[in-house]
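Notes for the structure review
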Amino acid sequence: MIWKIAKKEFLLNLMTFKFAVGTIICVVLTAVFMPILAKDYQRRLEDYNENVAANEAELRKVKVYKNITPTAYRPPNVLSVFGEGLEKQLGQSARIELGGVSEISATSTGGNPFLSIFPTLDVTLILKVVMSILALLVAYNTISGEREQGTLKLILSGTIARYQVLLGKLLAGLVTLIVPVTSAFIMGLLILQYFPMVSLAGADWTRIGLMYLVSLIFISVMYNVGLLFSCLMRRASISLVLGLFAWVVFVVVIPNGSVYLANYLRPIEAKEKMDAQVRDLREQANNEIQDLTKTLRTGGNQGFAMGAFRGIFIVYCEKALMDDYKKEYTLSEPVKLKCADKIFEVQQQYLSGLMKQKHLARTIAQISPITLYESLMSALAGTDLASFEHFRNRVKLHTNEVIEYIRSETDNFSLPSYFTQCKEEDYEEGKKWDYDKLLEQSSPLNLQDLPRFSCGPERLTKALPRITTHILLLVFINAIFFTLSFVAFLKYDVR
Amino acid sequence: MIRQIIYREILENLLSLRFILSLLLAISLFAAAGFVFVAKYRQESQDYWKDTNENLSSLSEQTNRLCDVARYRQTVYRKPKSLALCTEGFEKYLPNSFRFSVFSMYIPQVRGRGNFDLGRFSDMDLVFIISLILSFIALIFTYDTICGEKEAGTLRLILAASIHRHKILLGKYIGVMLTLGIPLLLGLLVNLLIVISSRDVIISSVDWLKIFTIVLLSLLYLSIFVLLGMFVSSRTAHSANSMVILLLVWVGLVILIPSFGRIVSDAARESPTQAQLQRRLTEADQKIRDDSRSGKFGRNAGMFSSDPEKCNPPATARWYNALREAYNQVYEDHLNKMIVPATFGRSFTRLSPTVLYQCASESIAGTGINRFNSLYQQVKRYQQDLKEYIRSKDAEDPESLHLLCDHGQAIRDWGVISKKPVSFDTVPKFRERDLALGQSLKLAIWDIGLLALFNLVFFAAAFVSFLRYDVR
């Protein structure tokens, strides 16, 4: 009997005006946006490739180990077309330096701040706004509408139990709503395939599959919200108005309100405070280095040149000076490294403050299934803050690798090859140096075995715990709304 | 007769569930916005005064020598505005600190305690609430004005009486606008009461006038949606269909089109990157170096030597100022190139009345990108004033070479600027000036005109559709 009701309901839904308009709009919007989003991704990928190539070209020019200061770039995320999340707002690159911390600004200082006035646009936005409205529209008159028409009496006068009616309606609603969601996904993926630079790996497909699943669960939550109001009210128009108010609260009020509440409950430190701390640490390290290298001289007969990554290196210098340089670097580099570690800690602390605030806001906002859905989509797409932290950690690891490499090649920064290409036999006192000739003679280092930076998206298995809890929560909300509408329908007055 | 229709419409609306719900929603949101604004304003004022006083006290430390005042890098911060209550204009994303000395102007930066990760939409200010929630409520009130009455059968009865159709339409329009005015005005009242009673926020008389203008603007904006609702309602036979169409149109106008901005500006105009800036700085540096070598600034420009014959202070000053000027030019170009895509995207999204309304109220409240631009210009003007001041003070000192140039060594060795102390009181200080109401209205005139045009179009459409409406 459930099947019969579901079939009737489904066929009725298919013929309605709202269903036709909703589906068409969903598909058309996807068809319009997908190429734009894919093109945008393609452009970012080109930029990224260009940057990486330029970085590699510079690496091939490096002549002394001191000048190895490459930049690590964050590859753009393919799945950002589905859930943009923070993809464009967060830092894209980090310069890896021996003494300095690889600075990844959390805010995109390199980007254009003026563009932040526009809200983000991605497939999630279309699904969350258009589809949730469609779900409400499909659901609002399932019970109250049938009562108004008088058909509810007829149905219930049969031998069918009330729960069967409700289950049938739920089933029909879900099947109806699967159509636009699926067509939007298929449309989007087909268009994506058309772009040659967009390549989806196996893990990406798993993620997209999960996104599809999550979208379905989300749509069913919105359907259940509509169903609940339909079971509570006697008139269809009132259940629609109530459902829409709930929708506005979910879409606009809760996400914004939670931000303010979180800001209020857990205020964050000004960024300047962290900057000041970092400045102090730098100054401290500088003083320490100055103390250590007081006795060493820096002037003398020497010649500099600009090397790779705009770093300075020594082309020639007299022997005494070279010994002093060797001592200086052996003493100063460990201090710089220690300072860099401390600065990383300070920045980490600031970032974790931001994380906590964000977490609080998200927790509050999870009353709204729409926020929950949004955060799930960005987590699945790998564009949420946790994924950014993953990038940060990778950069830190890579920095350590590079430092380890330099350390092993230069015997703890004490070999002359760290800062110059002068040969031992050039040390003779009073020799006349030919700057141009020496500069020409100097050859780039062979850096084949220097570790290169690579950062794929976070492994899905690592992100799984936080994704699973969110999905369970979404399912739970689903169950609650359905139970409520079930209780309401059991007591529904059919007259 | 028209009065009777208005009266009936209001009474019917007042007793409905949707009215109670809208009233509750509007008042609670406006109240929340009031509390949020007061807390934020307090925090921002604190930060602002702390930073500004720090800047001024450092400036006063420089007054022992005139050359130090000239070389000192000041930072001017954006002052929190009480009218940000109405619309914040995304100011938390816009650069808010301007660093400059008499000779250089850097790119303004975003500083302060902001969590980049939060706040997807915009700020929960009055304009935001009105543009999203109240426009939605306007549709909820109007989606069944015509077709609902047809379904209930009452439309026939009304038309059976000797009343013109346009009078019915007008009466309904006025009735809905008046009902809609209740949540709007009550909410505003609650909001303003909260803000005023906090005593932190001072609203001057000009500000009151501006708030009043924004309220008028809000009514103009809401009337678009009322007319849209009536138009669609008189085009459809069933209120359910009219609701579906209206909702989709609303989503398009209020949520989707404003989101296009980013994509449009990304696609059409490329934002300059940090790497480009660095490259252009290097190029500028190289060009000045070449010019100097070719003797454009005079012999021995930039030479410092123990041999006074080899030094040429005027040439060095010319060279150094040219360098500074070139850098400033690069920075300003970079800034302009960043602003252009944003304004371009904005003008594209003006297809949506929501964006028009936001832009117009930003102009009137004096917030947003317009304010940033005017603040930047004011800082530059102040920089010129300060330069004039330095020049005039410098002229009084016979020991100085009267070559305004901030090269450290040139000042130390040759004394190109006076090293005499000056009184801190005579040093000009920066003060931001707001635009007068007339000027802000002039900025907003196009947006207001377009809003009025939207009104006219929808009114005409609703009128024509209702004249031909099939009552059966």
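Counting of residues starts from 1 at the beginning of each chain's written sequence and follows it residue by residue. The lettering of chains begins at A and the numbering of ligands begins at 1, in the order of writing. Given that the model is predicted, a residue must reach a pLDDT of at least 70 before its local features are reported, and side-chain atom pairs must reach 80 or more before they are shown or counted; all residues, however, enter totals for whole chains, interfaces and linings.

Re the overall build of chain A
Scanning chain A for helices and strands turns up 14 helices and four strands. The atom set for the radius of gyration is the C-alpha atoms, and the globule formula is 2.2 Å times the number of residues raised to the power 0.38. For 495 residues, the compact-globule formula gives about 23 Å, and the C-alpha radius of gyration of chain A, at 31 Å, lies well above that figure. Dimensions of chain A, computed from C-alpha atoms along their principal axes, come out at roughly 115 × 45 × 35 Å. Partly exposed residues are those whose C-beta has more than 12 but fewer than 20 other C-beta atoms within 10 Å; with 20 or more the residue is buried, with 12 or fewer it is exposed, and the C-beta atoms are placed from the backbone. Relative to its 495 residues, chain A shows a buried fraction of 43%. Residues are scored as being in contact if the C-beta atoms we place from backbone atoms lie within 7 Å. Considering only intrachain contacts with a sequence separation of at least 6, the fraction spanning at least 24 residues in chain A is 86%. Put simply, DSSP H or I for four residues or longer makes a helix, DSSP E for two residues or longer makes a strand, and each gets a number counted from the N terminus.

A look at the overall build of chain B
Within chain B, the regular secondary structure consists of 15 helices and two strands. Relative to a compact globule of 472 residues, whose C-alpha radius of gyration would be 23 Å, chain B shows 30 Å and is clearly more extended. Projected onto its principal axes, the C-alpha coordinates of chain B cover approximately 105 × 45 × 35 Å. Counting across all 472 residues of chain B, residues that qualify as buried make up 45%. At a minimum sequence separation of 6, the contacts of chain B that also span at least 24 residues come to 81%.

Considerations on the nonpolar core
By convention in this section, buried Ala, Val, Leu, Ile, Met, Phe, Trp, Tyr and Cys residues joined through C-beta atoms within 7 Å make up a nonpolar core. Core analysis: the largest hydrophobic core is formed by 165 residues, its most contacted members being Val130, Ala135 and Leu136 of chain A together with Ile129, Ile133 and Val226 of chain B. When residues in this core are grouped by element, the largest group, 15 residues, is from helix H8 (residues 236-265) of chain A. With near-sequence residues (within four places) excluded, Leu136 of chain A lies in contact with Met222, Val225, Gly226, Gly243, Leu244 and Trp247 of chain A.

Notes on the interface of chain B and chain A
Counting residues at the interface gives 55 residues for chain B, matched by 53 residues for chain A. The dominant element in the side of chain B that touches chain A, judged by the number of residues it contributes, is helix H9 (residues 239-268) of chain B, at 17 residues. We call Asp, Glu, Lys and Arg charged. Ala, Val, Leu, Ile, Met, Phe, Trp, Tyr, Cys and Pro are nonpolar, and the rest, Gly among them, are polar. By residue class, the composition of the side of chain B that touches chain A is 35 nonpolar, 12 polar and eight charged.

Let's talk about the pairing of strand E3 (residues 302-306) of chain A
Residues and elements named next belong to chain A. Strands were regarded as paired on the criterion that DSSP finds at least two bridges between them. Taken together, the five bridges between E3 and strand E4 (residues 312-317) define a ladder with antiparallel strand orientation. Paired with Met306 across the two strands is Ile312, which belongs to E4. Between the antiparallel neighbours E3 and E4 lie five residues, among them Phe309 with a positive phi of about 55°.

What to know about the environment of Gly311 of chain A
Residue and element names in this part refer to chain A. Within the element layout of this structure, Gly311 appears in the loop between E3 and E4. For the pair formed by Gly311 and Val62, sequence separation is 249 residues and the distance between their alpha carbons is 9.3 Å. Each residue touching Gly311, except ones within four places of it in the same chain, is listed here: Lys66, Asn67 and Thr69.

A short note on the packing of helix H8 (residues 205-233) of chain B against H9 of chain B
Residue and element names in this part refer to chain B. Axis separation between H8 and H9 bottoms out at 9 Å; the angle between their running directions is 140°. For the element pair H8 / H9, the angle class is oblique. At the point where H8 passes H9, the crossing takes the right-handed sense. Contact with H8, carried on its side by Leu228, Gly229, Val232 and Ser233, involves Ser242, Ile245, Leu246 and Val249 of H9 and no other residues of that element. Per-class residue counts for the contact of H8 with H9 are five nonpolar, three polar and no charged. In this description, a line fitted to the C-alpha atoms serves as the axis of each element, helices being fitted only across the stretch in contact, and the angle between N-to-C directions of two axes falls anywhere from 0 to 180 degrees. For this classification, under 35 degrees means roughly parallel, over 145 means roughly antiparallel, 65 to 115 means roughly perpendicular, and everything else is oblique. It is the rotation of the near helix from the far one that decides the hand of a crossing: anticlockwise by less than a right angle makes it left-handed, clockwise makes it right-handed.

Description of the pairing of strand E2 (residues 97-100) of chain B
Residue and element names in this part refer to chain B. With burial as the criterion, only one face of E2 is covered, namely that bearing Phe98 and Phe100; the residues Ser97 and Arg99 on the opposite face remain uncovered. Relative to E2, strand E1 (residues 74-77) is paired through four bridges, and the arrangement is antiparallel. Residue Tyr77 lies in a different strand from E2, and its bridge partner there is Ser97.

Let's talk about the confidence of the model for chain B
Residues and elements named next belong to chain B. Overall, the prediction assigns chain B a mean pLDDT of 87, with 97% of residues at 70 or greater. pLDDT is defined as a per-residue confidence score from the predictor, taking values between 0 and 100. In the model, residues 117-121 has pLDDT below 50 throughout and makes 15 contacts with residues more than four positions away in sequence or in other chains. Scoring the predicted complex yields pTM 0.84 and, for the interface, ipTM 0.77.

Describing helix H14 (residues 460-490) of chain A
Residue and element names in this part refer to chain A. One fewer than the residue count of a helix, multiplied by 1.5 Å, yields its expected span. Given a rise of 1.5 Å per residue, 31 residues ought to cover 45 Å, and the 43 Å separating the end C-alpha atoms of H14 matches this to within 8%. Arg466 marks the point of greatest bend in H14, at about 40°. Buried within H14 are the following residues: Leu474, Ile477, Phe481, Ser485 and Phe489. Taken together, the buried residues of H14 touch helix H6 (162-194), helix H7 (202-232) and helix H11 (369-381). One axis is fitted to the seven residues ending at the residue and one to the seven starting there. The bend at that residue is the angle between these axes.

Brief notes about unusual backbone geometry
All names here are of chain A. In this model, Asn412 sits at a positive phi of 60°, which is unusual for a non-glycine residue. By secondary structure assignment, the location of Asn412 is in the loop between helix H12 (385-409) and helix H13 (435-441). Judged by the 13 C-beta atoms lying within 10 Å of it, Asn412 is partly exposed.

Here we look at the packing of helix H1 (residues 2-14) of chain B against helix H7 (residues 165-197) of chain B
All names here are of chain B. One way to put it is that H1 packs onto H7 with a least axis distance of 8 Å and a crossing angle of 40°. With respect to their mutual orientation, H1 and H7 come out oblique. In this structure, the crossing between H1 and H7 has a hand that is right-handed. On the side of H1, the interface is formed by Ile2, Ile5, Ile6, Glu9, Ile10, Asn13 and Leu14, while H7 contributes Lys167, Ile168, Leu170, Gly171, Lys172, Ile174, Gly175, Val176, Leu178 and Thr179. Its residues assigned to classes, the contact of H1 with H7 comprises 10 nonpolar, four polar and three charged.

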